[in-house]
Amino acid sequence: MRRRLPAAALALALGAVLALLAAAPALAAGYRYWSFWDGSAGGQWSYATQGPSLARPADGSVQGFRFAVSKDAAVEAAKPRAAADFDAVCGATAAVEGRKRVALVIDFGVQADAPSGEVVPQDAPRTACAQVAPEATTAEALAAVAKPLRYNSAALLCAISGYPQHGCGEQMAETGAAQASAEPSGSAPDGGGGGPSGGLLVGLAAVAVLAAAAVWQSRRRGR
């Protein structure tokens, strides 16, 4: 019986710690940013593994961009609301020797995700067929049809066609208010969010104190 009491107390403390850790991601709803997508067969989208300044799409490729507040870059990011259909975008653009055609789908998102004081340029996604040099990156193809573009110091794409006018990859609270601006790498925030919050650390410290007290008390009773 003397051995079971400390074990039970430790198990209770461990369960509380795990509960706090599981609740930690709910502290931040996500980021407001332009996500970057690769088109695939059947008009589907897959989250790009490279940023637009590094990706070099082949002739006949479809590239998509979506502005939104998204919780997780790879799993829950909002996709462009139009199909990845090369023929629908570039079908009327004749092929030219020494150039490649890249279909671009640019989705400015919904008004609910717009920064304060700004208006979404258009409700429906915009499409454009960029005809660029064979070695051109997606960023160069985008610049050919959707200027002005804006980037931050970490080369994160902040604005397409001047939207939004301000901000870049801001972390959002559960209420939708922007937190301090983040400077993630690549085409979108990595969702790391830095270290644990102060509230989480306080909670873990409190659990540790309670666990120590429970173990001490159980040992006293077992004497």
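Note that the coordinates shown come from a computational prediction; the quantities given were computed from them, not determined experimentally.

**What about the overall build of the chain?**
Phase 1 of the analysis: When its secondary structure is counted, the chain shows 4 helices and 9 strands.
Phase 2 of the analysis: Ordered by position from the N terminus, the helices and strands of the chain form the series α-β-β-β-α-β-β-α-β-β-β-β-α.
Phase 3 of the analysis: Burial statistics for the chain: of 223 residues in total, 39% are counted as buried.
Phase 4 of the analysis: Within the chain, counting contacts between residues at least 6 apart in sequence, those at least 24 apart form 67% of the total.
Phase 5 of the analysis: For the chain, the exposed surface amounts to about 12,000 Å²; the carbon and sulfur share of it is 57%.

**Overview of the pattern of salt bridges**
Phase 1 of the analysis: Under the defined criterion, the tally for this structure stands at 2 salt bridges.
Phase 2 of the analysis: The closest approach of N and O atoms between Arg66 and Asp107, which form a salt bridge, is 3.9 Å. Taken together, the positions of Arg66 in strand E3 (residues 61-70) and Asp107 in strand E4 (residues 100-107) put the pair 41 residues apart, joining distant regions of the chain.
Phase 3 of the analysis: Judged by relative accessible area, which is 8%, Arg66 ranks as buried.
Phase 4 of the analysis: Taking the shortest distance from any N to any O, the salt bridge between Asp107 and Arg81 comes out at 2.8 Å. Taken together, the residues span a long stretch of sequence, with Asp107 in strand E4 and Arg81 in the loop between E3 and helix H2 (86-90) at a distance of 26 residues.
Phase 5 of the analysis: Each of Arg66, Arg81 and Asp107 takes part in salt bridges that share partners, so that together they form one network.

**Examining the state of the cysteines**
Phase 1 of the analysis: All chains considered together, the criterion is met by 2 disulfides.
Phase 2 of the analysis: Between Cys90 and Cys129 runs a disulfide, and the two sulfur atoms are separated by 2.1 Å. Given an S-S torsion of about 110°, the disulfide between Cys90 and Cys129 has right-handed geometry. Of this pair, Cys90 sits in helix H2 while Cys129 sits in strand E5 (residues 126-132), and the two are 39 residues apart along the sequence. Each member of the pair, Cys90 together with Cys129, is buried.
Phase 3 of the analysis: In the chain, the bonded cysteines, numbered by position in the sequence, are linked as 1-2, 3-4.

**Thoughts on the side chain of Thr138**
Phase 1 of the analysis: Tracing the chain through its elements places Thr138 in helix H3 (residues 138-145).
Phase 2 of the analysis: Owing to a relative accessible area of 0%, Thr138 belongs among the buried residues under this scheme.
Phase 3 of the analysis: Look past the residues within four positions of Thr138 in its chain and what remains in contact with it is Phe36, Pro52, Ala55, Pro57, Gln63 and Phe65.

**Considerations on the nonpolar core**
Nonpolar side chains in soluble globular proteins generally cluster together in the buried interior.
Phase 1 of the analysis: Within the largest apolar cluster, 21 residues are counted, with the highest numbers of intra-cluster contacts made by Trp34, Phe65, Leu104, Ile106, Leu142, Ile160 and Tyr163.
Phase 2 of the analysis: Those elements that place two or more of their residues in this core are strand E1 (30-39), E3, E4, E5 and H3.
Phase 3 of the analysis: Those residues within four positions of Leu142 in sequence are excluded, and the remaining contacts are Phe65, Leu104, Ile106, Lys147, Leu149, Leu157 and Ile160.
Phase 4 of the analysis: Core analysis: the second largest hydrophobic core is formed by 14 residues, Tyr31, Trp37, Ala84 and Val105 among them.

**Some words on the pairing of E4**
Phase 1 of the analysis: Most of E4 is tucked away: 8 of the 8 residues are buried.
Phase 2 of the analysis: By the bridge criterion, 6 bridges tie E3 to E4 in an arrangement that is parallel. If you follow Val62 over to E4, its bridge partner there is Ala103.
Phase 3 of the analysis: In this structure, E4 lies alongside E5, joined through 7 bridges in antiparallel fashion. Residue pairing in the sheet places Ile106 in a bridge with Arg126 of E5.

**Details of unusual backbone geometry**
Phase 1 of the analysis: Pro148 follows Lys147 through a cis peptide bond whose omega is -5°.
Phase 2 of the analysis: Topologically, Pro148 is positioned in the loop between H3 and strand E6 (150-151).
Phase 3 of the analysis: The phi torsion at Ala155 lies on the positive side, around 65°, for a residue other than glycine.
Phase 4 of the analysis: Secondary-structure assignment places Ala155 in the loop between E6 and strand E7 (157-159).
Phase 5 of the analysis: Of note, the phi angle at Ser161 is positive, near 55°, even though the residue is not glycine.
Phase 6 of the analysis: By the element assignment, Ser161 lies in the loop between E7 and strand E8 (170-172).

How each quantity is defined
- Residues numbered from 1 in each chain as written.
- Predicted model: local features only at pLDDT ≥ 70, side-chain atom pairs only at ≥ 80, totals over all residues.
- Heavy atoms only, no water.
- Helix = DSSP H or I, 4+ residues; strand = E, 2+ residues; numbered from the N terminus.
- Buried < 20%, exposed > 50% of the residue type's maximum accessible area, 1.4 Å probe, protein only.
- Contact = heavy atoms within 4.5 Å.
- Areas by Shrake-Rupley, 256 points an atom, 1.4 Å probe, with all protein chains shown as cover.
- Salt bridge = Lys/Arg side-chain N within 4 Å of Asp/Glu carboxyl O.
- Disulfide = S-S within 2.5 Å.
- Core = buried A, V, L, I, M, F, W, Y, C linked by side-chain atoms within 4.5 Å.
- Pairing = 2+ DSSP bridges.

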